[in-house]
Amino acid sequence: MSLTVIAQRMGITSFQRLVTGLVLSTLLVGCSSNKSSDVRVIERNKSVAQRPAVTTGQYVVRPKDTLFSIAFRYGWDYKALAARNNIPAPYTIHPGQTIRFDGRTGSTPTTVVGSASSTPSSSSRTTVFRRPANGATSSTAVVVPSVANKPAAVPMPAAGPAPTGWGWPSNGILIGKFSSNGSLNKGIDIAGDLGQPVLAASDGTVVYAGSGLRGYGELVIIKHSDTYVSAYGHNRRLLVQEGQQVKVGQTIAEMGSTGTDRVKLHFEIRRQGKPVDPLQFLPRR
């Protein structure tokens, strides 16, 4: 039946009301579908359960490693890792040095790490983590003496108060949020333009600036206190050096896509080595 016939039978006024109602219904459905696809819901997940820190084996220090970068890579608080290996402040380490994660304390220089010719029992085998030149992590089984009485674990230092005056590390759309599952996002991801300024989120000292941590690209780590550090990954260019003091809002890098598939900033806050949700600390916007 044509629209003309329907209009004649219903009357002009009734027909106009019918058409208007149909148009409005279509528009409302379209708006509803657009909102559901465009708006990102940010959940403030306050759970901090993460994949536990590596507590077995050891790591052989390579050039450009720092104790802070090793602790960051393997989920440790840097002070606890230093205590476990008898490394005093300012936590200087050297290539070839062995950093232990297990209960055996002590840090000794190591020049050669080889595989055992025979297969030892699990009680006499330790995994040694070594970082090749390309930044990947590999492991080599080596024979070490069995330890009948494992020393007590080094206690975790007491957590101090969080720094005040946190600021956003960059402007842009939040495209990735923190996940309490350690296999997923340990921070947040912010989209932006290539070369866009990356800012220090709080006052502190740069303790790492480089590309040695796989998956982070050009990375900056800032120590804010004995408890908190922040990390800024995938930069195009780093504008700070290790040991440099920085202030909140200071430009520390240029946003890039190193170690990832798009231009973005990956930002983390860690408390005693454990990732926590940055949205708990950053101001609302």
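Above: the structure in question.
The rules we used
- In this numbering scheme, every chain counts its residues from 1 along its sequence in written order.
- Given that the model is predicted, a residue must reach a pLDDT of at least 70 before its local features are reported, and side-chain atom pairs must reach 80 or more before they are shown or counted; all residues, however, enter totals for whole chains, interfaces and linings.
- Where side-chain values are given, they derive from all heavy atoms of the structure, hydrogens and water being excluded.
- Here, a salt bridge means any Lys or Arg side-chain nitrogen found within 4 Å of an Asp or Glu carboxyl oxygen.
- Helix and strand definitions here come from DSSP, where helices need a minimum of 4 consecutive H or I residues and strands a minimum of 2 consecutive E residues; each element is numbered from the N-terminal end.
- Only protein chains enter the accessibility calculation, which uses a 1.4 Å probe. A residue is then buried if its area is under 20% of the maximum for its type, exposed if over 50%, and partly exposed in between.
- Nonpolar cores are built from buried Ala, Val, Leu, Ile, Met, Phe, Trp, Tyr and Cys residues. Side-chain atoms within 4.5 Å join them into one set.
- Contacts between residues were defined by any pair of non-hydrogen atoms, one from each residue, lying within 4.5 Å.
- Whether two aromatic rings pair depends on their centres lying within 6.5 Å, for rings of Phe, Tyr and Trp, where Trp uses its six-membered ring; planes under 30 degrees apart make the pair stacked, over 60 edge-to-face, and the rest tilted.
- Definition of a polar contact: a pair of N or O atoms within 3.5 Å, with one able to donate and the other able to accept a hydrogen when the atoms are protein atoms, and with sequence-neighbouring residues admitted only if both atoms are side-chain atoms.

Draft legend 1. Examining the pattern of salt bridges more closely. Scanning the model with the defined rule gives 8 salt bridges in all. Note that Asp 226 and Lys 79 form a salt bridge whose closest N and O atoms lie 3.5 Å from each other. In this pair, Asp 226 sits in the loop between strand 9 (218–223) and strand 10 (228–238) while Lys 79 sits in helix 4 (residues 78–84), placing the two residues 147 residues apart along the sequence. The exposure class assigned to Lys 79 is partly exposed, which follows from its relative accessible area of 26%. In this structure, Arg 270 and Glu 268 form a salt bridge, with 2.9 Å as the shortest nitrogen-oxygen distance. Judged by its relative accessible area of 3%, Arg 270 is buried. Under the relative-accessibility criterion, Glu 268 is labelled buried at 1%. It is possible to trace a salt-bridge network through shared partners that takes in Lys 79, Lys 223 and Asp 226.

Draft legend 2. How the structure looks around the nonpolar core. Counting 27 residues, the largest nonpolar core has Ile 70, Trp 76, Leu 81, Ile 99, Phe 101 and Ile 221 as its most contacted members. At the level of secondary structure, the elements contributing two or more residues to this core comprise helix 3 (67–73), helix 4, strand 8 (204–210), strand 9 and strand 10. When residues of this core are assigned to their parent elements, the largest contribution, 5 residues, is made by helix 3. With residues near it in sequence (within four places) discarded, Ile 70 still touches Tyr 59, Val 61, Asp 65, Leu 81, Ile 93, Ile 99 and Phe 101. In this structure, Ile 190, Ala 200, Val 220 and Ile 252 belong to the second largest nonpolar core, which totals 25 residues.

Draft legend 3. Structural detail: the packing of aromatic side chains. For the structure shown, the criterion picks out 10 aromatic pairs. Taken together, a centroid distance of 5.8 Å and an interplanar angle of 55° make the contact between Tyr 59 and Tyr 74 tilted. Taken together, the positions of Tyr 59 in strand 1 (residues 58–60) and Tyr 74 in the loop between helix 3 and helix 4 put the pair 15 residues apart, joining distant regions of the chain. Judged on exposure class, the residue Tyr 59 and its partner Tyr 74 are both buried. An aromatic cluster of three or more residues is present, and its members are Tyr 59, Tyr 74, Trp 76 and Phe 101.

Draft legend 4. Structural view of the side chain of Glu 268. With respect to the secondary-structure elements, Glu 268 resides in strand 13 (residues 264–271). Within the local environment of Glu 268, its side chain forms a polar contact with the side chain of Tyr 216, the two groups lying 2.9 Å apart. At 2.9 Å, the side chain of Glu 268 and the side chain of Arg 270 are in polar contact. Setting aside residues no more than four positions away along its own chain, Glu 268 makes contact with Phe 72, Lys 186, Gly 187, Tyr 216, Val 229, Ser 230, Ala 231 and Pro 278.

Draft legend 5. Highlighting the environment of Thr 55. With respect to the secondary-structure elements, Thr 55 resides in the loop between helix 2 (12–38) and strand 1. The partly exposed category is assigned to Thr 55, whose relative accessible area is 44%. Separated by 19 residues in sequence, Thr 55 and Tyr 74 place their C-alpha atoms 9.0 Å apart. If sequence neighbours within four positions are ignored, Thr 55 has contacts with Phe 101 and Asp 102.

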